[in-house]
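Architecture and fold: a report
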Amino acid sequence: MPIERFVLKGAEDGALTQIDDYRAVGGFESLAKARAMEPAKIVDELLASNIRGRGGAGFPMGKKASFLAKGTGKPTYLVVNADESEPGTFKDREIMFLVPHRLIEGCLIAAHGIESKNVFIYIRGEYLHEFEILRAALDQVREADLLDGVTIVLHRGAGAYICGEETALLESLEGKRGQPRSKPPFPAVQGLYASPSLINNVETVATVPLIIEMGGAKYAKEGVENSAGTRLFSLSGNVVNGGNYELPLGTPLRELIYDIGGGIPDGRALKAVIPGGSSVPVLTADQVDTALDFDSMAAAKTMLGSGAVIVIDDRCCMVQLGLRVAQFYMHESCGKCTPCREGTRWMVQILEKIEDGRAEYEELDLLLDVCDRILGKCLCPLGDAAAMPVASYVDRFRDDFRRHIDEGGCPFPDSPLDHVLAPVDQHAHDVHVLA
Amino acid sequence: MNTVENPSDFRRQVANIASQYPDSRSAVLPALRLAQEQYGHLTREAFEEVAFALDLTPAYCTGVASFYDMFHLDPVGTQLVEVCTNVSCALVGAQQVLEAFESELGIRAGETSEDGRFTLRTVECAGGCGWGTVVAVNHRYREPVRVEDVPAIVEELRSAD
């Protein structure tokens, strides 16, 4: 089946890490075209393209750019969010190691559009290889005299999921603990160093050269209504061919899992699918025909999120899944808001009790009550990211939970998530006391 | 490694990094990383050095460092072996890969070997989900790692140095 490549165009046979190779597939032609355009025209093209952010929230990029405060007397900053860490997601990493110059070209076009001379790329600290590739690509772009007075700083994170949240990212970039800010003011008004800032995900920015090349209106016709263009879907879990696949928005989930992904290994059956990273509500096996776009996922009461599709086969215990997901968010909670800091811990404790067969029925209600007391009550989405999926597991796989209580233990002896050691349970996990 | 090899050189490097930013405080993370590379882990002296270089207090730098998983406030082995046990890797057998490392290295997850060469720990999603299980050795990814790959990896790490 033909896979349309937009963001990864040209990298079909391998990485384009040399500037000449990138130029050979039309690289930097969009930049030249963009620089001949008025900045406001670039933003118009982004608006016309209807491109929605590829990081998870799905906010239209053109709209975000048009919100930037003007005439403040302060510089305007472009910040690229390369802190990819939503469990299941590994697409931005592939963009950075396959087409690093396309991301840089997108930065330079977007910077021109918002009249910014300062770009910061915040890349998660663990992505050392991708950092080195991007740094080499940036050196080539500098030597080729393409920066035109714009500085691009590669800033490495140091291991914190929360820094993918835009205001936490800004705090971290300013040299602080990565704790989210309260909004308003929004970054478009007071972002980095209290100046107007546009923050966009790697995939979104790497799509900008294409939008300039084909024109926003034409780009908007790709994909489906309210979900323009393609996305890089990260496919993982119990599937034969895990990997990143660039597909038009609106592609049925079934096609990704079975036709492209090769289905479930060892002839096992599908049990559940997480369609947009671990923070979104789960889909059951009979929802596998849902289309991969914003509206279809919303209709199925879940979200497209970061486009990370995690396939779960019939061995898996959904209580264990809930526990592992809750442990992650407990570990990554920044501690600023009480509902998230305390609530994620409560979730873990109740889920452990259910898994061990020590819980009563009323504790299922307690778990849902804790989720409800987190939802919408924190400064940033991390609390919701823990509560939404776990509540959906209880809601859509209630039998799994009931059986633990009725049978006094876990009825899934072959579940791969059985007693998996999470960092939060690792006693010597080394960052808590000063030696 | 109890001191930076050359304090004035360290301060010069930090000043260079800081010059990229409108506010030098933005250089805290890169400076801490540089200090950690030189001291092995972030000792009291390392914090004092970073604080001095950026005109901050050691307490401030400690407060920042303790937020981030990649900064080590306690000694770690020269070979840091990290196994992702988040959902996607766990679904394809990360726990068994972790246990294979425990058995080959003779240490439990979260521990450092007595000779100070190896630290083994689990980490949250490393971002290689479709190629799980992801194992990082000193932040160089190996993927996918299966149980049967572990003895050869450990053998390779033991013969390195």
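Residues numbered from 1 in each chain as written. Chains lettered and ligands numbered in written order. Predicted model: local features only at pLDDT ≥ 70, side-chain atom pairs only at ≥ 80, totals over all residues.

**Here's the deal with the sheet that holds strand β3 (residues 151-156) of chain A**
Residues and elements named next belong to chain A. Convention followed: Two strands qualify as a pair provided DSSP detects at least 2 bridges between them. The numbering of helices and of strands both runs from the N terminus, where a helix is a DSSP run of H or I of at least 4 residues and a strand a run of E of at least 2. The convention used is that axes are lines fitted to C-alpha atoms, helices contributing only their stretch in contact, and that angles between N-to-C directions extend from 0 to 180 degrees.
What the four strands build is an open sheet, ordered β3-β2-β1-β4; its pairing is parallel. The strands lining the two open edges of the sheet, one partner per strand, are β3 and β4 (197-201). Adjacent strand axes in the sheet meet at a mean angle of 20 degrees when their direction is disregarded. As paired strands, strand β1 (residues 77-82) and strand β2 (residues 118-123) are joined by six bridges and run parallel to one another. Considered in β2, the bridge of V79 is made with F120.

**Topic: the domain arrangement of chain A**
All names here are of chain A. Convention followed: Residue ranges assigned to the domains are those given by an automatic or database domain assignment. By definition, residue pairs are in contact when their C-beta atoms, positioned from the backbone, come within 7 Å. When residue character is reported, Ala, Val, Leu, Ile, Met, Phe, Trp, Tyr, Cys and Pro are called nonpolar, Asp, Glu, Lys and Arg charged, and the others, Gly included, polar.
According to the domain assignment, chain A contains domain 1 (19-221), domain 2 (229-313) and domain 3 (318-423). Averaged C-alpha coordinates put domain 1 and domain 3 at centres separated by 35 Å. Across the boundary between the two partners, domain 1 contributes nine residues, which contact eight residues of domain 3. The class makeup of the residues in the side of domain 1 that touches domain 3 is five nonpolar, three polar and one charged.

**Quick word on the domain arrangement of chain B**
The domain architecture assigned to chain B consists of domain 1 (7-65) and domain 2 (79-159). Computed over C-alpha atoms only, the centres of domain 1 of chain B and domain 2 of chain B are separated by 30 Å.

**Digging into helix α15 (residues 361-374) of chain A**
Residues and elements named next belong to chain A. For clarity, the cut-off: Expected helix span is taken as 1.5 Å per residue step, with the number of steps being one fewer than the number of residues. Once C-beta atoms are placed from the backbone, each residue is buried if 20 or more other C-beta atoms lie within 10 Å of its own, exposed if 12 or fewer, and partly exposed for counts between those two. Relevant arc is that of directions from the helix axis to the C-beta atoms, nothing else.
End to end, α15 covers 21 Å across 14 residues, agreeing with the expected 20 Å (1.5 Å per residue, within 8%). Of all the positions in α15, only L367, V370, C371 and I374 are classed as buried. One face of α15 carries all of its buried residues, which in axial projection span an arc of 100 degrees. Along α15, exposed side chains directed more than 90 degrees from the buried face belong to Y361, E362 and D365. Elements that come into contact with the buried residues of α15 comprise α14 (338-355) and α16 (382-396). In the segment just after α15, G376 is the residue with positive phi, at about 75 degrees.

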